[in-house]
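Here are the chains, one letter per residue:
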2 protein chains.
Amino acid sequence: MEKPDKSNHSQCTGIIRPVQDALDVLNGKWKLPIIVALLHGYKRFSEISRQVPGITDRMLSKELRDLELNQLVKRKVYDTFPVTVEYTMTPYGETLKDVISALHIWGEKHRQKIFGADLVNEPVDKSNLG
Amino acid sequence: MEKPDKSNHSQCTGIIRPVQDALDVLNGKWKLPIIVALLHGYKRFSEISRQVPGITDRMLSKELRDLELNQLVKRKVYDTFPVTVEYTMTPYGETLKDVISALHIWGEKHRQKIFGADLVNEPVDKSNLG
DNA sequence: CCGCATCCTGTATGATACTG
DNA sequence: CAGTATCATACAGGATGCGG
């Protein structure tokens, strides 16, 4: 039983970066609800806004731009008046479903582990945990 | 006539919460590196600290406490002098491997999509994306 | 309708010094 | 060794109002 890779091996640290990248894509208060709205077929700015209760125009605009930069979302402007904008998930964006699904499965078990099964509908409040 | 599911259906929004819970568990700058260090068998506070370059004692302490509250990590104090503390992943904590694996796979593809394949070793810098 | 500019606040994190 | 206390800061996000 040697101490195999107990040194500071940067190739092990190397697994961290892509994982963090994936997390970053979903990070923040609004990315996920927006993605879910888009996956459910909502396309217009105001439509998405309605599906994501509480979000401000500023944040929605910012997050959509971010998702677009990551090529998860396609933005199409129609030359109407007033202007019409359509946001859609790219095929690549759809590949997020698998990741979200994995997170979903684990997250539900977590919820049931941390809280009672009958509290599954309660929002997580970490201040109760201690 | 029903508006099919184009209303504000809270059961669809319901998938968001557990996913967000899972994300929260991994959220922040340090959770993931710490978890990886623990999964690789590093147990002592200072050991973990060494494996997570740049982290301060304050953050390591805080994040370990957070992971412990989420029952991902077990903390055991040995009555030596000076005191010795051992952190280990719980069996439950190990279940995170699957989630991290899913994130890893997606994250690597993402990295190759956003950057060239030869830039895979570069850290993500979103300011370059625009 | 679809945003952007501005200002403001809270939270996450960093720096540093100290203790059992 | 394994932390805590205190102060400082940057950035995410909220509120509000304007503009093509």
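Note that residues are indexed from 1 along each chain, following the sequence as it is written. Chains and ligands are labelled sequentially in the order written, the chains with letters from A and the ligands with numbers from 1. Confidence filtering applies because this is a predicted model: local features only for residues at pLDDT of at least 70, side-chain atom pairs given and counted only at 80 or more, and all residues used for totals across whole chains, interfaces and linings. In computing side-chain values, all of the structure's heavy atoms are included and hydrogens and water are not.

**Quick word on the overall build of chain A**
Part 1 of the reasoning: Note on conventions: DSSP H or I runs of at least 4 residues are helices, E runs of at least 2 residues are strands, and numbering of each starts at the N terminus. Secondary structure summary: chain A contains seven helices and two strands in total.
Part 2 of the reasoning: Of all 130 residues assigned to chain A, the portion counted as buried reaches 41%.
Part 3 of the reasoning: As displayed, chain A has an accessible area near 7,400 Å², and 52% of this comes from carbon and sulfur atoms. In this scheme, a residue with accessible area under 20% of its type's maximum is buried, one over 50% is exposed, and one in between is partly exposed, where area comes from a 1.4 Å probe on protein chains only. Only the protein chains shown count as covering a residue, and every accessible area follows the Shrake-Rupley method with a 1.4 Å probe.

**Regarding the pattern of salt bridges**
Part 1 of the reasoning: The rule for a salt bridge is simple: a side-chain nitrogen of Lys or Arg has to be within 4 Å of a carboxyl oxygen of Asp or Glu. With the rule as written, the count across this model stands at 10 salt bridges over all chains.
Part 2 of the reasoning: Between B:R111 and A:D21 there is a salt bridge, with its nearest N and O atoms 2.5 Å apart. Of the two residues, B:R111 is situated in helix α7 (residues 96–114) and A:D21 in helix α2 (residues 16–26); the pairing between them involves two chains.
Part 3 of the reasoning: Residue class for B:R111 comes out buried when judged on its relative accessible area of 3%.
Part 4 of the reasoning: Accessibility expressed as a relative area gives 6% for A:D21, which makes it buried.
Part 5 of the reasoning: A salt bridge links A:D66 to A:K31, with the nearest nitrogen and oxygen atoms 3.2 Å apart. Taken together, the residues span a long stretch of sequence, with A:D66 in helix α5 (residues 57–69) and A:K31 in helix α3 (residues 31–39) at a distance of 35 residues.
Part 6 of the reasoning: Judged by its relative accessible area of 14%, A:D66 falls in the buried class.
Part 7 of the reasoning: Look at the salt bridges and you will find they share partners, linking A:K31, A:K62, A:E63 and A:D66 into a network.

**A word on unusual backbone geometry**
Residues and elements named next belong to chain A.
Part 1 of the reasoning: With omega at -5 degrees, the peptide bond leading from F81 into P82 counts as cis.
Part 2 of the reasoning: Following the sequence through the fold, P82 ends up in the loop between β1 (73–78) and β2 (84–89).
Part 3 of the reasoning: In the Ramachandran plot, Q71 falls in the positive-phi region, its phi being about 65 degrees despite a non-glycine side chain.
Part 4 of the reasoning: With respect to the secondary-structure elements, Q71 resides in the loop between α5 and β1.

**Topic: the packing of aromatic side chains**
Part 1 of the reasoning: Note on aromatic pairs: the rings of Phe, Tyr and Trp (six-membered ring only in Trp) are paired at centre separations within 6.5 Å, and the planes decide the class, stacked below 30 degrees, edge-to-face beyond 60, tilted for the rest. By the definition in use, this model includes two aromatic pairs over all chains.
Part 2 of the reasoning: When the ring of A:W106 is compared with that of B:Y92, the centres are 5.6 Å apart and the planes differ by 15 degrees; the resulting orientation is stacked. Placement of the pair is A:W106 in helix α7 (residues 96–114) and B:Y92 in helix α6 (residues 91–94), with the two residues belonging to separate chains.
Part 3 of the reasoning: Given the relative accessible area of 5%, A:W106 is considered buried.
Part 4 of the reasoning: Under the relative-accessibility criterion, B:Y92 is labelled buried at 13%.
Part 5 of the reasoning: Placement of a charge over a ring requires the Lys NZ or Arg CZ to be within 6 Å of the ring centre, with the centre-to-atom vector within 35 degrees of the ring normal. Lying over the aromatic face of B:Y92, A:K113 brings its terminal NZ or CZ to 4.8 Å of the ring centre.

**Concerning the pairing of strand β1 (residues 73–78) of chain B**
Here is the key point about a regular strand: its side chains alternate between the two faces of the sheet.
Residue and element names in this part refer to chain B.
Part 1 of the reasoning: Sheet topology places β1 next to strand β2 (residues 84–89); six bridges connect them, and they run antiparallel. Across the sheet, the residue bridging to K76 is E86, located in β2.
Part 2 of the reasoning: In short, DSSP must find at least two bridges between two strands for them to pair. Hairpin connection of β1 to β2: five residues between the antiparallel strands.

**Focus on the protein's contact with DNA strand D**
Part 1 of the reasoning: If even one non-hydrogen atom of a residue comes within 4 Å of a molecule or strand, that residue is called near it. A:K29, B:R44, B:S61, B:R75 and B:Y87 are the nearest of the 17 residues found near DNA strand D.
Part 2 of the reasoning: In this structure, a phosphate oxygen belonging to DNA strand D sits 2.8 Å away from a side-chain N or O atom of B:S46.
Part 3 of the reasoning: Definition of a polar contact: a pair of N or O atoms within 3.5 Å, with one able to donate and the other able to accept a hydrogen when the atoms are protein atoms, and with sequence-neighbouring residues admitted only if both atoms are side-chain atoms. B:V85 is positioned with one of its backbone polar atoms (N or O) 3.4 Å from a phosphate oxygen of DNA strand D.
Part 4 of the reasoning: Mapped by element, the contributors of at least two residues to the surface near DNA strand D are α5 of chain A together with α4 (45–51), α5 (57–69) and β2 of chain B.

**Topic: α7(B)**
Residue and element names in this part refer to chain B.
Part 1 of the reasoning: The span expected for a helix works out to 1.5 Å for each residue beyond the first. Counted at 1.5 Å a residue, the expected span for α7 with its 19 residues is 27 Å, and the 26 Å between its end C-alpha atoms agrees.
Part 2 of the reasoning: Within α7, burial applies to L96, V99, I100, L103, W106, G107, H110, R111 and I114. For α7, the angular spread of the buried residues around the axis is 145 degrees, confining them to a single face. Facing away from the buried side of α7 by over 90 degrees, the exposed positions are D98 and K109. The directions from the helix axis to the C-beta atoms form the arc being described.

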